[in-house]
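Geometric and topological summary
So the chains spell out like this:
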Amino acid sequence: MVGARKRKDFFEDFGSELFDNLEEMIDALLDEMGESSPFVYGFSIIHRPGEDPEIREFGNVSESSQEEGDFVSPEAKEPLIDVFETDETVQVLAEFPEAEKEDICLRATASSLEIMVSGLSGSYSENVELPVPVDPKSAKASYKNGVLEVTFRRYLEEGPITIDIE
């Protein structure tokens, strides 16, 4: 073809020699770590108006163990749990990718949700403090693709009432 331009290789600007041994480097790193299971570490930040931000860690690697090179077994993985609230509801989302629906047990009060999970990789229990009072009887729970979702109606106090004296 006359006048056809050669298509530029994306990695050309970076020097393709940097990427020639990438797969070998990854394999060497995995061998050095000595673990076949993935390491997970993260955090979530919850900031409610008028309160200090709350930072919560999750995963099977703590921040301190990352610095020391110690890694926790994937069976000890802490799930990510988030709590969201609207004017009418409080929603709790929890990530349990290895669990089956039958492995999860929930108990609720007006101020907390207890999540218990038992399964192949051991057991887990967490008591989640809810930001506002809820009606525990209004709870609706679903579990899909490793994500537990529990939604409560907020307990809405009625205004002051007049009390008759007999």
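Model, not experiment: these values are computed from the prediction.

What counts and how
- Residues numbered from 1 in each chain as written.
- Predicted model: local features only at pLDDT ≥ 70, side-chain atom pairs only at ≥ 80, totals over all residues.
- Heavy atoms only, no water.
- Phe/Tyr/Trp six-rings, centres within 6.5 Å; stacked < 30°, edge-to-face > 60°.
- Helix = DSSP H or I, 4+ residues; strand = E, 2+ residues; numbered from the N terminus.
- Buried < 20%, exposed > 50% of the residue type's maximum accessible area, 1.4 Å probe, protein only.
- Pairing = 2+ DSSP bridges.
- Axes fitted to C-alpha atoms, helices over the stretch in contact; angles between N-to-C directions.
- Contact = heavy atoms within 4.5 Å.

Describing the packing of aromatic side chains
With the rule as written, the count across this model stands at one aromatic pair. When the ring of Phe 96 is compared with that of Tyr 124, the centres are 5.8 Å apart and the planes differ by 55 degrees; the resulting orientation is tilted. Of the two residues, Phe 96 is situated in the loop between strand E4 (89–95) and strand E5 (104–108) and Tyr 124 in strand E7 (residues 122–129); the sequence distance between them amounts to 28 residues. Summarising the burial analysis for this pair, Phe 96 and Tyr 124 share the class buried.

Examining the sheet that holds strand E6 (residues 112–119)
The strand order E5-E6-E7 describes an open sheet built from three strands, whose pairing is antiparallel. The outermost strands of the open sheet, each flanked by one partner alone, are E5 and E7. Going from strand to strand, the sheet's axes swing by 10 degrees on average, the running direction of each strand aside. Two elements, E5 and E6, share five bridges in a ladder whose sense is antiparallel. By the bridge assignment for E6, Leu 106 is matched with Ile 115.

Description of the environment of Ser 118
On the secondary structure map, Ser 118 appears in strand E6. In the structure, Ser 118 is positioned 16 residues away from Glu 102 in sequence and 8.9 Å away in space, judged by C-alpha atoms. Setting aside residues no more than four positions away along its own chain, Ser 118 makes contact with Asp 103 and Ser 123.

Quick look at the pairing of E6
Linkage of E5 to E6, two consecutive antiparallel strands, is achieved through a turn of three residues. Across eight bridges, the pairing between E6 and E7 is antiparallel. Paired with Leu 113 across the two strands is Val 128, which belongs to E7.

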